[in-house]
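Remarks on the overall topology
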Amino acid sequence: MSILEINIVPVGTGSASYSSLVQDAVNLLNKRGQKYTVTPTSTVIEGNTPELMKVAEEIHNIPFQDGAMRVVTNIMIDERRDKPDNMEKRVNEVCQ
């Protein structure tokens, strides 16, 4: 199981706000049935690595579909192969 953290920054859209793009990404994740958590600065998604790479590309393209001419996307992938892992387990380990 992998955990991917992604944030997108559309450049040159004429607006400082891009919450509607985050909502579009959330709609995409819901449609795909992905497990995710939205944080104030990024979205964390759980799944297998090939599936996460596909959804990251789709999220990256959302601002272009809305007219952005440039998008900066930051992605971090954390994949464990030594034992089962998920988002809740990680949070629970440090918040007990």
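Owing to the predicted nature of the structure, the values given are computational and were not obtained by experimental measurement.

It is worth spelling out the overall build of the protein at this point. Secondary structure assignment for the protein yields 3 helices and 4 strands. Across the protein, helices and strands are ordered from the amino to the carboxyl terminus as β-α-β-β-α-β-α. Seen through its principal axes, the protein has C-alpha atoms that stretch 45 × 30 × 20 Å. In the protein, which comprises 96 residues, the share counted as buried stands at 29%. When the accessible surface of the protein is summed, it comes to about 6,200 Å², and 52% of that surface belongs to carbon and sulfur atoms. Side-chain charges of the protein comprise 10 positive and 13 negative groups, with the mean position of each set lying 3 Å from the other.

Turning to the nonpolar core, a few remarks are in order. Formed by 15 residues in total, the largest nonpolar core has its most connected members in Leu 4, Ile 6, Ile 45, Val 55 and Ile 59. Residue contributions to this core peak at 5 residues, all from helix α2 (residues 49–65). Among all residues touching Val 55, those that are not within four sequence positions of it are Leu 28, Leu 29, Arg 32 and Ile 45.

What follows concerns the sheet that holds strand β3 (residues 43–47). Strand order in the open sheet formed by 4 strands is β2-β3-β1-β4, and the pairing between neighbours is antiparallel. Where the open sheet ends on each side, the last strands, each with one partner, are β2 (35–38) and β4 (70–79). Put simply, the sheet's adjacent strands are angled 20° from each other on average, direction ignored. Bridge analysis of β2 against β3 gives 4 bridges, and the strand direction is antiparallel. Counterpart to Val 38 in the pairing with β3 is Thr 43. Its contacts with the sheet place helix α1 (residues 19–32) against β1 (2–11), β2 and β3, and it is angled at close to 160° to β2. The strands that helix α3 (residues 87–94) touches are β1, β2, β3 and β4; relative to β2, the one it contacts most, it runs at about 50°.

Rules and cut-offs
- Residues numbered from 1 in each chain as written.
- Predicted model: local features only at pLDDT ≥ 70, side-chain atom pairs only at ≥ 80, totals over all residues.
- Heavy atoms only, no water.
- Helix = DSSP H or I, 4+ residues; strand = E, 2+ residues; numbered from the N terminus.
- Buried < 20%, exposed > 50% of the residue type's maximum accessible area, 1.4 Å probe, protein only.
- Areas by Shrake-Rupley, 256 points an atom, 1.4 Å probe, with all protein chains shown as cover.
- Lys, Arg positive; Asp, Glu negative; His and termini not counted.
- Charge placed at Lys NZ, Arg CZ, Asp CG, Glu CD.
- Core = buried A, V, L, I, M, F, W, Y, C linked by side-chain atoms within 4.5 Å.
- Contact = heavy atoms within 4.5 Å.
- Pairing = 2+ DSSP bridges.
- Axes fitted to C-alpha atoms, helices over the stretch in contact; angles between N-to-C directions.

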